[in-house]
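# Working through the structure, step by step
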Amino acid sequence: MKLKQTESLLGEKSSPKIDYDVAIVGAGPVGLATALGLRQRGIENIIVLDQTKVFRKVGQVIDLLPNGLKALKYIDAKAYENITATIDQPNNSPQVSQKTETEKKQASPEWHVINVDGQKIRSIPLGYDEYFQKYGEGRVSIPWYELQTQLRQLLPVERVKANHHCFNVVNEPEFQCVRADFVSNQKVETNSYAHWDDQQEKNESSSVNSSQFPESEITSIRAKLLLGMDGINSRVRQVIYKNTPDSGYSKPEYCGVGAIGSGGMLQVAEALSKEIKERFLHSSSRIVTIKNHQIPDSDVPSIILFSFQPCQFGYLLYGAFPLESLLEKSGEELIDIAVEELKKADFPEIIQQLVALSDPDQIIQRPYYIHHATASTPDQPKWNIGRVVLAGDAAHGMPPFIAQGANQGLEDAAAIATLVAEINKQNKWDDITAIEAAFSKYEALRRPFVTYIQQQTLIGRPFSSDEKLQKHHQVVFSRNIEEVMQTLF
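Here is a short report on the structure shown in this document. The structure displayed is predicted, hence computed values, not measured ones.

## Section: the nonpolar core
With 103 residues, the main nonpolar core has Val 22, Leu 64, Val 236 and Tyr 318 as its most contacted residues. It is helix α14 (residues 405-425) that contributes the most residues to this core, 9 residues altogether. The residues contacting Leu 64, other than those within four sequence positions of it, are Leu 69, Ile 83, Gly 138, Arg 139, Val 140, Ile 142, Leu 147, Ala 406, Asn 407 and Leu 410. Tyr 254, Val 288, Ile 350 and Leu 354 belong to the second-largest nonpolar core, a separate cluster that totals 34 residues.

This is the structure:
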């Protein structure tokens, strides 16, 4: 396919036009939240570009926890109001203090962690109120696409553009800007690092009418700053690390834990359903995590089991699977691997039976990847080079085991919006020293905390005691985000 080039690439001018103050690569929740934060702070000349041909329903349900909601409220109060308005339980609003007697008697939803004998180890609340009362902010579960849509609709339509796949980023100190080159109308590749089902993404991609995009084009834009917020498989990260000492960190690495699960709900016999529910699913929860508590200091293997309809179950089995045991395996092979893992860990026969009943055509596998916030080398891979900075999963992507990926990304967005607003306030757009100092402050603030979050993600799920769990929640959820942002100055 022949590529057409714009004038900006055919011949450079002595003083090229700088198109934007800030260009954001990646129109996920973190990139969009950052754009909203910048606009709230008086920076209008921005653009958000994403490689997807059209915005479509991909992604899974994510949890916005107290720290993420606090960050979102700090970024843009309207965005916060819109997201919290999506809560299914209307009385889970901090403004509502009165409940009916019926509502008071209803048990709040919980996620139980239980052992293989069906005994409850601990319960994790899933409602808004419990979190709000303890930490000053609640908990919202929302589909990734709905979150993206809610944020995108708060931006002018011309400020968010799909069908722009970034393939090159160049700092241009002689022009006091950064140039980013994009190719449009290309097939969107399946993201092998995504947490959602690859088949879902393939199906959504195939539904796009390719005839609307007849010929590929290369375009380029220039901006004072470029923010790489394009996910764990970040193209911006790959480009700026290329041919540098950090080139080995350009791609995420397998974290050592993967999952095998049912791509849909399994229909089982009534007798098996009754036995599983009586032993493992308690009345106040339709979702549980089962682990063998006799395996010390380990949370794998463990299985998330859920049931929302009679005789129907779904599951996700976490294990320390070698990467090669997950990739390019048939459905039958994955079922055998999962059943064998359960047998080795002495999981009950009824759980093994359930997994063995899986439809091979619906079985899924998910290796989990990470960009370590702190590497094992003395010199850490920087999150910024010149006028380019990484944030969210592009900087520190991690597995979803404690639901902090999006929340940490929103904290990044709050910090970057704060620092870029200060650059604008002091009119330091042409001062590369001030820009690099600002991004160094961002990294100094965020890297240690994200390192802690990643450690808890990899070794502390779901924490070994109620005491440790509550301590962790206090550390993460109780912080005052506004006060944290003040430490940047």
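## Some words on unusual backbone geometry
Although it is not a glycine, Cys 311 sits at a positive phi angle of roughly 65°. Note on placement: Cys 311 falls in the loop between β15 (302-309) and β16 (312-319). Residue Cys 311 is classed as buried on the basis of its relative accessible area of 15%.

## Overview of a negative patch on the surface
A cluster of like negative charges, contributed by Glu 332, Glu 333, Asp 336, Glu 340, Asp 359 and Asp 361, occupies part of the molecular surface. As for its position among the elements, Asp 336 is in helix α11 (residues 331-344).

## Regarding the side chain of Gln 238
Residue placement: Gln 238 occurs in helix α9 (residues 235-241). With relative accessibility at 13%, the residue Gln 238 sits in the buried group. Only 3.2 Å separates the side chain of Gln 238 from the side chain of Asn 233, close enough to count as a polar contact. Other than its neighbours up to four places away in sequence, Gln 238 contacts Asn 233, Ser 250 and Lys 251.

## Brief notes about the pattern of salt bridges
Tallied over the full model, the rule gives 13 salt bridges. Salt-bridge contacts for Arg 179 lead to Glu 172; the nearest nitrogen and oxygen are separated by 3.5 Å. There is no split in this pair, since Arg 179 and Glu 172 are both buried. A salt bridge links Glu 443 to Arg 447; the nearest nitrogen and oxygen atoms lie 2.2 Å apart. Pair noted here: Glu 443 and Arg 447 are both in helix α15 (residues 432-459), with a separation of 4 residues, about one helical turn. Comparing Glu 443 with Arg 447, the two get one shared label, buried. Beyond isolated ion pairs, a larger network of salt bridges with shared partners links Glu 172, Arg 179, Asp 181 and Arg 222.

## A short note on the environment of Pro 399
Mapped onto the elements of the fold, Pro 399 is located in the loop between α13 (393-396) and α14. For Pro 399, a relative accessible area of 1% translates into the label buried. Sequence separation between Pro 399 and Pro 367 is 32 residues; the distance between their C-alpha atoms is 9.1 Å.

## Observations regarding the packing of helix α3 (residues 66-75) against α14
One way to put it is that α3 packs onto α14 with a least axis distance of 8 Å and a crossing angle of 30°. Judged by the angle between their axes, α3 and α14 are roughly parallel. The interaxial crossing formed by α3 with α14 has left-handed handedness. Contact residues: Asn 67, Gly 68, Ala 71, Tyr 74 and Ile 75 in α3; Asn 407, Gln 408, Leu 410, Glu 411, Ala 413, Ala 414 and Thr 418 in α14. Its residues placed into classes, the contact of α3 with α14 shows 6 nonpolar, 5 polar and 1 charged.

## Some thoughts on the side chain of Arg 479
Residue position: Arg 479 is located in the loop between α16 (466-477) and α17 (481-486). Judged by its relative accessible area of 17%, Arg 479 falls in the buried class. A distance of 3.5 Å separates a polar atom in the side chain of Arg 479 from the backbone oxygen of Val 475. One polar contact links the side chain of Arg 479 to the main-chain carbonyl oxygen of Val 476, over a distance of 3.2 Å.

## Thoughts on the packing of helix α2 (residues 29-40) against α14
Packed helix pairs are specified by the crossing angle of their axes together with the interaxial distance, meaning the distance between the axes. At their nearest, the axes of α2 and α14 sit 9 Å apart, and the two run at 30° to each other. Judged by the angle between their axes, α2 and α14 are roughly parallel. Note on packing geometry: the crossing formed by α2 with α14 is right-handed. Residues Pro 29, Val 30, Ala 33, Thr 34, Gly 37 and Leu 38 of α2 pack against Gly 409, Leu 410, Ala 413, Ile 416, Ala 417 and Val 420 of α14. Each residue belonging to the contact of α2 with α14 can be placed in one class, and the counts come to 9 nonpolar, 3 polar and no charged.

## Some remarks on the environment of Val 30
Position of Val 30 relative to the elements: it lies in helix α2. Residues Val 30 and Gly 231, 201 residues apart in the sequence, show an inter-C-alpha distance of 9.2 Å.

## A word on the packing of aromatic side chains
Considering all chains together, one arrives at 11 aromatic pairs under this definition. Their ring planes at 85° and their centres at 5.2 Å tell us that Tyr 318 and Phe 401 sit as a pair that is edge-to-face. Placement of Tyr 318 in strand β16 and of Phe 401 in the loop between α13 and α14 is noted, with a sequence separation of 83 residues between them. Classification of Tyr 318 by relative accessible area gives buried; the value is 11%. The buried category is assigned to Phe 401, whose relative accessible area is 15%. Where Tyr 368 meets Phe 401, the ring centres are 5.1 Å apart and the plane angle is 80°; that geometry is what we call edge-to-face.

## Topic: α2
With 12 residues, α2 extends 16 Å between its outermost C-alpha atoms, agreeing within 8% with the 16 Å of an ideal straight helix rising 1.5 Å per residue. Of all 12 residues that make up α2, 10 are buried, and the element is covered over most of its length. Burial in α2 covers these residues: Pro 29, Val 30, Gly 31, Leu 32, Ala 33, Thr 34, Ala 35, Leu 36, Gly 37 and Leu 38. In the segment just after α2, Gly 42 is the residue with positive phi, at about 90°.

## Comments concerning α15
For α15, which comprises 28 residues, the first-to-last C-alpha distance of 39 Å matches the rise-based estimate of 40 Å (1.5 Å per residue) to within 8%. The sharpest bend along α15 comes to roughly 30°, located at Arg 446, with the proline Pro 448 sitting one to four residues further on. Where α15 begins, the capping side chain belongs to Asp 431, and its oxygen is found 3.1 Å from the backbone nitrogen of Thr 433.

The rules behind these values
Residues numbered from 1 in each chain as written. Predicted model: local features only at pLDDT ≥ 70, side-chain atom pairs only at ≥ 80, totals over all residues. Heavy atoms only, no water. Core = buried A, V, L, I, M, F, W, Y, C linked by side-chain atoms within 4.5 Å. Buried < 20%, exposed > 50% of the residue type's maximum accessible area, 1.4 Å probe, protein only. Helix = DSSP H or I, 4+ residues; strand = E, 2+ residues; numbered from the N terminus. Contact = heavy atoms within 4.5 Å. Patch = residues over 30% accessible without salt bridge, like charges linked within 9 Å, V, L, I, M, F, W, Y side chains within 5 Å. Areas by Shrake-Rupley, 256 points an atom, 1.4 Å probe, with all protein chains shown as cover. Salt bridge = Lys/Arg side-chain N within 4 Å of Asp/Glu carboxyl O. Lys, Arg positive; Asp, Glu negative; His and termini not counted. Charge placed at Lys NZ, Arg CZ, Asp CG, Glu CD. Polar contact = N/O pair within 3.5 Å; in protein donor to acceptor, adjacent residues only side chain to side chain. Axes fitted to C-alpha atoms, helices over the stretch in contact; angles between N-to-C directions. Parallel < 35°, antiparallel > 145°, perpendicular 65-115°, else oblique. Left-handed = near helix turned anticlockwise from the far one by under 90°. Nonpolar A, V, L, I, M, F, W, Y, C, P; charged D, E, K, R; others polar. Phe/Tyr/Trp six-rings, centres within 6.5 Å; stacked < 30°, edge-to-face > 60°. Expected span 1.5 Å × (residues − 1). Bend = angle between axes of the 7 residues up to and from the residue.

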